[in-house]
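The residues making up each chain are set out below.
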Amino acid sequence: MAKQSQVPLAAVIKPLAPLPPDETPPYLVDHGESGPIRCNRCKAYLCPYMQFSEGGRRFQCGFCNCVTEVPPNYFQHLDHTGKRVDCYDRPELSMGSYDFMTTVDYCKNNKFPQPPAFIFLIDVSYNAVKNGTVGIFKQENPDVESNIRVGFVTYNKVLHFYNVKASLAQPQMMVVSDVADMFVPLLDGFLVSVSESRVVIESLLDQIPEMFADTRETETVFGPVIQAGLEALKAADCAGKLFVFHSSLPIAEAPGKLKNREDKKLVGTDKEKTLFQPQVSFYNTLAKECVAQGCCVDLFLFPNQYVDVATLGVVPTSTGGSIYKYTYFQAPSDQERFLNDLRRDVQKQVGFDAVMRVRTSTGIRATDFFGAFYMSNTTDVELAGLDCDKTVTVEFRHDDKLSEETGALMQCAVLYTSCSGQRRLRIHNMAVNCCSQLADLYRNCETDTIINFFAKYAYRSVLSSPTKNVRDSLVNQCAQILACYRKNCASPSSAGQLILPECMKLLPVYLNCVLKSDVLQPGADVSLDDRAYLRQLVSTMDVAESHVFFYPHLLPLQKLDVESMALPMAVRDSEERLSRGGVYLLENGLNIFLWVGVSAQQELLQNIFGTPAFSQIDPNMTSLPALDNPFSKRLREIIESVRAQRSRYMKLMVVKQEDKLELIFKHFLVEDKSNSGGASYVDFLCHMHKEIRQLLS
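Residues numbered from 1 in each chain as written. Predicted model: local features only at pLDDT ≥ 70, side-chain atom pairs only at ≥ 80, totals over all residues. Heavy atoms only, no water.

Undergrad: Please give an account of the sheet that holds strand β4 (residues 58-60) that cites residues and values.
TA: Here we have 3 strands laid out as an open sheet, ordered β3-β4-β5, and antiparallel in their pairing. Two strands lie at the open edges of the sheet, namely β3 (51-53) and β5 (67-69), each paired on one side alone. Each strand of the sheet is rotated relative to its neighbour by a mean of 30 degrees, with strand direction disregarded. (Pairing = 2+ DSSP bridges. Helix = DSSP H or I, 4+ residues; strand = E, 2+ residues; numbered from the N terminus. Axes fitted to C-alpha atoms, helices over the stretch in contact; angles between N-to-C directions.)

Undergrad: Tell me about the sheet that holds strand β1 (residues 10-13), and please be specific about residues and values.
TA: On the basis of which strands lie adjacent, the open sheet formed by 3 strands has the order β1-β18-β16 and antiparallel pairing. Two strands bound the open sheet, and with one partner strand each, they are β1 and β16 (364-370). Mean inter-strand twist for the sheet, computed between neighbouring axes without regard to direction, equals 30 degrees. With 4 bridges connecting them, β1 and strand β18 (residues 392-398) associate as antiparallel partners. Across the sheet, Ala10 pairs through a bridge with Glu395, a residue of β18. Relative to the sheet, helix α12 (residues 447-461) contacts β1, β16 and β18, its axis offset from that of β16 by approximately 60 degrees. (Contact = heavy atoms within 4.5 Å.)

Undergrad: Kindly report on the UniProt feature "domain: Sec23/Sec24 beta-sandwich" (unreviewed entry) in the chain, identifying the contributing residues and their values.
TA: Following the UniProt record, the feature "domain: Sec23/Sec24 beta-sandwich" (unreviewed entry) maps to residues 351-434 here. Taken end to end, residues 351-434 is 0% helix and 61% strand, and its two terminal C-alpha atoms sit 34 Å from one another. (UniProt positions renumbered as here; feature names shortened; annotations may be inferred.)

Undergrad: Requested: an account of the packing of α12 against helix α16 (residues 543-550), with residues and values cited.
TA: Here α12 crosses α16 at 75 degrees, and the two axes come no closer than 9 Å. Here α12 lies roughly perpendicular to α16, going by the angle between them. Between α12 and α16, the residues in contact are Asp448, Thr449, Asn452, Ala455 and Tyr459 and Val543, Ser546, His547 and Phe550, respectively. Grouping the constituent residues of the contact of α12 with α16 by class yields 4 nonpolar, 4 polar and 1 charged. (Parallel < 35°, antiparallel > 145°, perpendicular 65-115°, else oblique. Nonpolar A, V, L, I, M, F, W, Y, C, P; charged D, E, K, R; others polar.)

Undergrad: Give a detailed account of the pattern of salt bridges, specifying residues and quantitative values.
TA: Tallying each qualifying case throughout the model produces 38 salt bridges. In this structure, Arg572 engages Glu671 in a salt bridge whose closest nitrogen and oxygen atoms are separated by 2.8 Å. On the criterion of sequence distance, the pair formed by Arg572 in the loop between β21 (553-556) and β22 (583-587) and Glu671 in the loop between α19 (662-666) and α20 (681-696) is long-range, its members being 99 residues apart. What makes Glu671 buried here is its relative accessible area of 10%. In the salt-bridge network here, residues are joined through shared partners; they are Lys241, Asp298, Arg344, Asp345, Lys348, Asp387, Asp389 and Lys390. (Salt bridge = Lys/Arg side-chain N within 4 Å of Asp/Glu carboxyl O. Buried < 20%, exposed > 50% of the residue type's maximum accessible area, 1.4 Å probe, protein only.)

Undergrad: Before we move on, can you summarise the pairing of β18 with the specific residues and values?
TA: Each regular strand shows side chains that alternate between the opposite faces of the sheet. Among the 7 residues in β18, 5 count as buried, and that is most of the element. Examined bridge by bridge, β16 and β18 share 6 bridges and lie antiparallel to one another. For Arg365, the partnering residue across the bridge sits in β18 and is Arg397.

Undergrad: With reference to specific residues and values, describe helix α6 (residues 223-236).
TA: For α6, built from 14 residues, the straight-helix expectation of 20 Å at 1.5 Å per residue is met to within 8% by its first-to-last C-alpha distance of 20 Å. Among the 14 residues of α6, 10 are classified as buried, and the element is accordingly described as predominantly covered. When α6 is considered as a whole, its buried residues turn out to be Gly223, Pro224, Val225, Ile226, Gln227, Ala228, Gly229, Leu230, Ala232 and Leu233. Taken from the residues just after α6, Asp237 is the one with a positive phi, measuring 55 degrees. (Expected span 1.5 Å × (residues − 1).)

Undergrad: Kindly report on the nonpolar core, identifying the contributing residues and their values.
TA: Membership of the largest hydrophobic core comes to 96 residues, with the highest contact counts inside it found for Leu159, Phe161, Leu242, Val244, Met504 and Leu520. Considering each element in turn, this core owes the most residues, 10 residues, to helix α13 (residues 467-488). Dropping the residues within four chain positions of it, Val244 is found in contact with Leu121, Tyr155, Phe222, Val225, Val297, Asp298, Leu299 and Phe300. In this structure, Val134, Phe302, Tyr326 and Leu342 belong to the second largest nonpolar core, which totals 38 residues. (Core = buried A, V, L, I, M, F, W, Y, C linked by side-chain atoms within 4.5 Å.)

Undergrad: Go over unusual backbone geometry, please, and point to the residues and values.
TA: Positive phi, close to 70 degrees, is recorded for Lys43, a residue that is not glycine. Looking at the element boundaries, Lys43 is found in the loop between β2 (28-29) and β3. The exposure class of Lys43 is partly exposed, given its relative accessible area of 37%. Even without being glycine, Glu658 reaches a positive phi, approximately 70 degrees. Within the secondary structure, Glu658 is located in the loop between β24 (651-656) and α19.

Undergrad: Requested: an account of the packing of aromatic side chains, with residues and values cited.
TA: This model, assessed by the stated rule, comprises 34 aromatic pairs. Note on Phe222 and Tyr283: the rings are 5.9 Å apart at their centroids and 50 degrees apart in plane angle, and the pair reads as tilted. In this pair, Phe222 sits in the loop between α5 (194-211) and α6 while Tyr283 sits in helix α7 (residues 282-293), placing the two residues 61 residues apart along the sequence. The class of Phe222 is buried, set by a relative accessible area of 1%. Following the ring pairs from residue to residue traces out a cluster consisting of Phe137, Phe245, Phe300, Phe302, Tyr324, Tyr326, Phe329 and Phe338. Positioned above the aromatic ring of Tyr324, the side-chain terminus of Arg648 is 4.2 Å from the ring centre. For Lys656, the ring lying beneath its charged end belongs to Phe614, and the centroid distance is 5.0 Å. (Phe/Tyr/Trp six-rings, centres within 6.5 Å; stacked < 30°, edge-to-face > 60°. Lys NZ or Arg CZ within 6 Å of the ring centre and 35° of its normal.)

Undergrad: Any chance you could break down the packing of α6 against α7 for me, citing the residues and the numbers?
TA: For the pair α6 and α7, interaxial distance at closest approach is 10 Å and the crossing angle is 20 degrees. Classified by the angle their axes make, α6 and α7 are roughly parallel. With respect to the hand of their crossing, α6 and α7 are arranged in left-handed fashion. Between α6 and α7, the residues in contact are Gly223, Ile226, Gln227, Leu230, Leu233 and Lys234 and Phe282, Tyr283, Leu286, Glu289, Cys290 and Gln293, respectively. Per-class residue counts for the contact of α6 with α7 are 7 nonpolar, 3 polar and 2 charged. (Left-handed = near helix turned anticlockwise from the far one by under 90°.)

Undergrad: For the pairing of β22, give the residues involved together with the corresponding values.
TA: Counted residue by residue, β22 has 5 buried out of 5 residues, so it is predominantly covered. The alternating pattern of β22 places Val583, Leu585 and Glu587 and Tyr584 and Leu586 on opposite faces, both of which are buried. Relative to β22, β21 is paired through 4 bridges, and the arrangement is antiparallel. Bridge pairing in β22 links Leu554 to Leu586. In terms of strand pairing, β22 meets strand β23 (residues 591-596) through 5 bridges, oriented antiparallel. Residue Glu587 lies in a different strand from β23, and its bridge partner there is Ile592. Joining the antiparallel neighbours β22 and β23 is a turn of 3 residues, in which Gly589 adopts a positive phi near 90 degrees.

Okay, structure coming up:
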């Protein structure tokens, strides 16, 4: 059935997901000095699927059926149904998710870890000073968890390390100009506690913009910058995170030096895949060293031209890091977005030196993984850092008998070091039903998850295949899924009808959005860097994020009821849904647009913008005026609440109908034909229908 239907079996897992407001944090379970209790054979952790027997002296593993002795200190009697009498007092016997305390055996080199450190590495070359990024840091002093130490480096084509020891009156700078052989010139005073050294750090952040205000140095290095942070973490014997703020292609003579290889002529050819691959192997080797140390890299990019995101992104995407990109950054309009992103990035929950393993019951097994991580074998997903926004997607293969009686089990276990320096295990368990009838399968498909998986699969495939082949194979697989339903489950009808399963009615519309996305079918205005950036971004998205990314939310604000907390019903992403008299909010997790119709009512405009005239609205505004009327208040609340749901801060753009910015906005009306040749939804539906008919005949 799995072969016949072609429906993928995959799980999108977000191990450290932020909690919904009504849920308590996962309980922390401590099994004492012998560590968490596990199955002797497959090493699965104790969970609700273990069956106790012999009066409670043994348990049988739900994953591999092996029987394990219960340690004496964990023994408990069973009730008349065969359950332990303390079952509901123990999270590990009654809950889907919980944490275990671990012992020293679960730590690197068998010793408990030091608390992690954060190192900020700031580009101070001419470009970075000119666009204002260097000057922004003095406004921002994010609060870091108390026991995390911090360090600071600035760089152009040499590196400047700073001693910010609390006892100093002024920070001291030490320069390393031998970038070919990177070392850290000071041990004492580089990594410090924020609370103890706050005055010295603030003085440093104030001085940096002045020190480099007149710089003429345009060239930068990049490899040695990551090496410097890595060496500092090695010297301190701890894991941690590097925050790198970078502005241009690293062309200065140094390890990891790059050249400009942007070539639009390769787009659409067999050689296009090389543009998504790193141009040198240096960064793959460096990434491996970072993972071994538990050094996660977050990269903030401020490019004005090609910087080769495909290569610069190798270390972040192999270490569980993030990439933030602010193209043509201008401090006045973009600083709010950057500072919000930075603040959230520094403060969000994160684990270090993490290893994730997914165990399954007999019949299915994890065979493929997607996300920002490193793998040195086929089972362990290694993450130098794992934050609350990151997902790992796992594909399973059905490789042995399954039964409808017992179903199938999955257990995801993540071993990580918390910010406080504790070694912990996060466990997530899930039991799923199995079916032997195609009709049952098609009743239970998760379309949004399937699209999330297909997008990640396709976005990885562009590294090895031409984009046209990637698009064709996606269409083909979806046609097979739908043809199989038509042939085996649908009631007989005329061949002229397109028949879709109820839960897959929207598969074609979302699939079309993936096919004509910038990565797979770019318009002429889409840069290679943007495509590489989006390719890496989608690889760690959860289902809600990929959903709104491929099919943006479009809300008609003229229907907004200020009395009610409810949002207006979203409308479909098509130009024909926009009325000239309306105002609409569109968001896709990365951008927010406010589209204003040319004949919108004066009262509506007065309430939002404080002016009744369409011509008076300033298209360059990035925030709405705080006006004292219910509509303005409610609209600003909506924008804030939408922003709060997303992992990145969305800058607001006001788009006036028939203005030049409208072209950018129309790109997100995904049901319409796109200027890159992407089909409209209606045309694509006809195309799918033809493909299905062909398969059936």
